[in-house]
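Next come the chains, spelled out residue by residue.
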Amino acid sequence: MAFDYETLRRDISWDIAKKQLGYKDGDTINLAYVCVDRNVEQGRGEKLALVHENHEGEIRNYTYHDLQLLTNGWADFLGKQGIAPGDRVCIFLDRLPELYIGFMGVLKSGAVVQPLFSAFGEESVFQRADDSRAVAVITQHKHLGKIRKIRDRLPDLKHVIVVDHDDAKKRLREAEGEVGFDMDAHRIPEFPIFKTYAESPSVLHYTSGTTGKPKGALHVHSSIFAQLLTSKLVLDLKDDDIYWCNADPGWVTGTSYGIIGPWALGVTQVVVDAGFSSDRWYETMEKHKVTVWYTAPTAIRMLMKDGIEPVKRRDLSSLRHMCSVGEPLNPEGVHWGREAFGLDYHDTFWQTETGSIMITNLPGMPVKPGSMGRPFPALTAAVVDPITGERITEVGRVGMIAIQPPWPSMMRAYWNNTATYLKKFLNGWYICGDRASVDADGYFWFSGRDDDVINTGGHLVGPFEIESALLEHEAVAESAAIGKPDPVNMEVVKVFVALKPGFTASDDLDLSIMNFIRKRLSPLAMPQEIEFVDKLPKTRSGKIMRRLLKAKELGQEIGDTSTLDDD
Ligand code: 6R9
């Protein structure tokens with residue numbers, strides 16, 4: 001049957017997910033129950049939930065029944081530590097099974113789970129744990145040192161739970177609340193899952209903006225209606241799929257679609273805790289017979305660099321559906337995907353704040369390379385005028401991407417930051433902060449972000465975070481960070497630095513600044529290029545004009561500079 005978007009618009013609503021879960025308004029709903037115990041109750045107990053491969057290629061398998069016992073073990077342990085429902089529990093782990101299973105364990109206990117990239121340096125962890133007043137962090141020996149460095153600045157942090165503890169390796173500081181927890185040894189058959197409701201807080205994900213510290217987007221347990229339905233209709237997940245999502249759960253893609261969505265549907269997920277290598281990726285897909293793959297444009301461009309030949313050497317005949325998220329997917333990427341795999345990459349657009357896919361190419365929908373597709377049929381999305389919030393109906397005119405609230409996985413707050421949250425709404429729309437146009441067929445075409453946030457390899461980096469951190473570098477008087485276009489990562493961080501008197505530019509100083517950011521914030525935020533300047537362009541009110549620096553960098557018209565200090 002030909003693809004018919006209008007029929008889907010008519011037929012598809014979030015009620016389908018509620019019905020599938022037997023949910024009625026006012027019922028209790030805990031998303032860990034849906035993702036774990038419900039699968040066991042439905043006869044999937046012996047089915048593989050998680051196929052985990054570590055860096056060395058060793059495989060650990062977990063069935064849904066294992067998940068049930070282990071998440072009970074986690075929830076029981078957390079409760080006994082005195083962690084209460086509503087408390088924030090950070091997970092600061094590499095992609096270990098404990099991350100995925102612990103995530104569900106925290107939710108079963110009623111606490112709020114706050115995932116953090118394990119690549120984060122101590123300052124990035126500090127900012128997020130300080131803002132949320134997290135009471136616990138789940139980590140591993142490898143990252144314990146970073147926690148210890150910031151511990152005395154985090155008075156609310158009472159528990160540091162170490163999942164790979166071994167007395168022979170390092171002694172834990174028990175007096176400071178450090179405690180070992182061996183997940184696999186805590187298998188509990190029965191546990192009273194905490195009774196959460198549709199609006200009970202579940203996941204707290206931090207995301208970067210242009211100004212200020214990262215903001216915590218707070219989600220609730222009923223987000224699962226949206227994650228379940230989009231996993232089914234966009235990722236096209238079916239019961240017998242083997243699904244692989246490349247995203248780390250420090251990023252919302254790695255939780256909404258790297259943990260929650262696929263498990264809500266009882267699907268088998270593959271997780272590989274290893275860095276990028278095109279050959280290893282194809283080997284993974286071949287070995288595990290991956291059928292559905294969710295990836296990102298930067299990864300696609302890295303695969304493209306290595307050519308088609310490594311793809312053709314593998315038997316990837318199981319692969320039947322591919323999706324992409326995080327940055328604009330170039331038409332070349334789509335063309336290459338067709339050539340390499342004989343399939344289309346289906347672009348999906350969404351955000352930490354939206355919690356689930358908003359605009360997308362649905363399976364069966366003709367893909368126009370370079371377009372993000374159309375609104376998910378249970379949603380109303382448009383481009384609107386940035387001032388009035390009126391819907392733009394003119395074909396091809398660029399406006400702000402806007403979604404009509406509410407939807408189940410929409411953030412309910414920025415943690416402790418109502419003013420910023422309210423600024424996200426205009427004329428009854430939620431404003432994403434991205435610009436796009438819509439063509440005559442209703443397809444959305446991304447044109448850019450509406451702020452100075454840097455998108456590097458799909459990861460958002462706030463210029464302010466880099467600039468603030470650099471103020472602590474002994475040589476830096478002030479700095480400005482921008483995204484410089486990059487053929488693989490879309491953007492990389494470039495910083496303009498004005499030095500303090502007595503310091504002079506040198507290669508050593510370059511390196512020292514790069515390393516400073518890599519260690520304090522993360523490798524993602526590390527500048528790839530540093531330019532030393534005498535002073536930075538500023539508005540009369542003292543704001544750094546990053547756009548001017550960016551325009552200069554791109555060799556573009558500089559435009560109106562009337563608000564500059566001394567032009
Ligand atoms: C899921 C996620 C959100 C921002 C978003 C936009 C960019 C995401 C995109 C895309 C073009 C796509 N973005 N998907 N840009 N095409 N398909 O990425 O969440 O980390 O919060 O980033 O990423 O700028 O506003 P998050």
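Everything quoted here is computed from the prediction, not taken from an experiment.

What am I meant to see in the domain arrangement of the protein here?
Often the size quoted for an interface is simply the accessible area lost on bringing the parts together. Annotation of the protein at the domain level lists domain 1 (1-27 + 220-266 + 274-412 + 431-450), domain 2 (30-53 + 64-196) and domain 3 (451-554). Listed as interface residues are 10 residues of domain 1 and, on the opposing side, 12 residues of domain 3. In this structure, the connection of domain 1 to domain 3 is made through one salt bridge. Two residues, R449 and D451, come together in a salt bridge whose shortest N-O distance is 2.8 Å. At the boundary of domain 1 with domain 3, the tally comes to six residue pairs in polar contact (both at pLDDT 80 or more). Among the elements that take part in the side of domain 1 that touches domain 3, helix α11 (residues 297-305) stands out by supplying four residues, more than any other.

Can you help me understand the packing of aromatic side chains in this one?
What describes a pair of aromatic rings is the distance from one ring centre to the other and the angle between the planes of the rings. One pass over the full model with this rule turns up 19 aromatic pairs. Between the aromatic rings of F276 and W281, the centroid separation amounts to 4.9 Å while the plane-to-plane angle is 65°, which identifies the pairing as edge-to-face. A centroid spacing of 6.3 Å and a plane angle of 80° characterise the contact between F341 and Y345, whose relative ring orientation is edge-to-face. Neither residue differs from the other here; F341 and Y345 are each classed as buried. Taking the ring centre of F126 as reference, the NZ or CZ of R153 above it sits at 3.7 Å. Sitting over the face of the ring of Y5, R374 holds its NZ or CZ atom 3.8 Å from the ring centroid.

Looking at this structure, how should I read α11?
Owing to its 3.6 residues per turn, the α-helix brings residues three or four apart onto one side. Those residues of α11 lying buried are P297, T298, A299, I300, R301 and L303. The elements touched by buried residues of α11 are α10 (278-288), β12 (292-295), β13 (321-325), α13 (331-341), β14 (345-349) and β26 (490-499). In the segment just after α11, G307 is the residue with positive phi, at about 85°.

Looking at this structure, how should I read the packing of helix α3 (residues 31-44) against helix α5 (residues 97-108)?
Helix-helix packing: each pair is described by the crossing angle between the helix axes and the interaxial distance. Contact geometry for α3 and α5: axes closest at 8 Å, N-to-C directions at 125°. Judged on the interaxial angle alone, α5 and α3 are oblique. The handedness of the crossing between α3 and α5 comes out as left-handed. Of the residues in α5, those touching α3 at L31, A32, C35, V36 and D37 are M104, L107 and K108.

What is the right way to read the packing of helix α6 (residues 122-132) against helix α7 (residues 141-150) from this model?
Where α6 contacts α7, the axes come no closer than 9 Å and their chain directions differ by 60°. Taken together, α6 and α7 sit at an angle that is classed as oblique. For the pair α6 and α7, the crossing hand works out as right-handed. Between α6 and α7, the residues in contact are E122, V125 and F126 and K146, I147, K149 and I150, respectively. Of the residues that constitute the contact of α6 with α7, the class distribution is four nonpolar, no polar and three charged.

Please explain the pattern of salt bridges as it appears in this structure.
In a structure, side chains of opposite charge can pair up when their charged atoms sit close to one another. Counted according to the given criterion, the structure contains 48 salt bridges. The partner of D184 in a salt bridge is R60, and the shortest N-O contact between them spans 2.8 Å. Taken together, the residues D184 in the loop between β7 (178-180) and β8 (201-207) and R60 in strand β2 (residues 59-63) connect sequence positions 124 residues apart. You can call D184 partly exposed: its relative accessible area is 31%. Note that R546 is salt-bridged to D452, the shortest N-O span being 3.3 Å. Placement of the pair is R546 in helix α17 (residues 546-554) and D452 in the loop between β22 (444-449) and β23 (454-456), with a sequence separation of 94 residues. Residue R546 shares its accessibility class with D452, and that shared class is buried. Counted as one network, the salt bridges with shared partners bring together K484, K494, E529, E531 and E553.

Calculation rules
Residues numbered from 1 in each chain as written. Predicted model: local features only at pLDDT ≥ 70, side-chain atom pairs only at ≥ 80, totals over all residues. Heavy atoms only, no water. Domains from an automatic or database assignment. Contact = heavy atoms within 4.5 Å. Salt bridge = Lys/Arg side-chain N within 4 Å of Asp/Glu carboxyl O. Polar contact = N/O pair within 3.5 Å; in protein donor to acceptor, adjacent residues only side chain to side chain. Helix = DSSP H or I, 4+ residues; strand = E, 2+ residues; numbered from the N terminus. Phe/Tyr/Trp six-rings, centres within 6.5 Å; stacked < 30°, edge-to-face > 60°. Buried < 20%, exposed > 50% of the residue type's maximum accessible area, 1.4 Å probe, protein only. Lys NZ or Arg CZ within 6 Å of the ring centre and 35° of its normal. Axes fitted to C-alpha atoms, helices over the stretch in contact; angles between N-to-C directions. Parallel < 35°, antiparallel > 145°, perpendicular 65-115°, else oblique. Left-handed = near helix turned anticlockwise from the far one by under 90°. Nonpolar A, V, L, I, M, F, W, Y, C, P; charged D, E, K, R; others polar.

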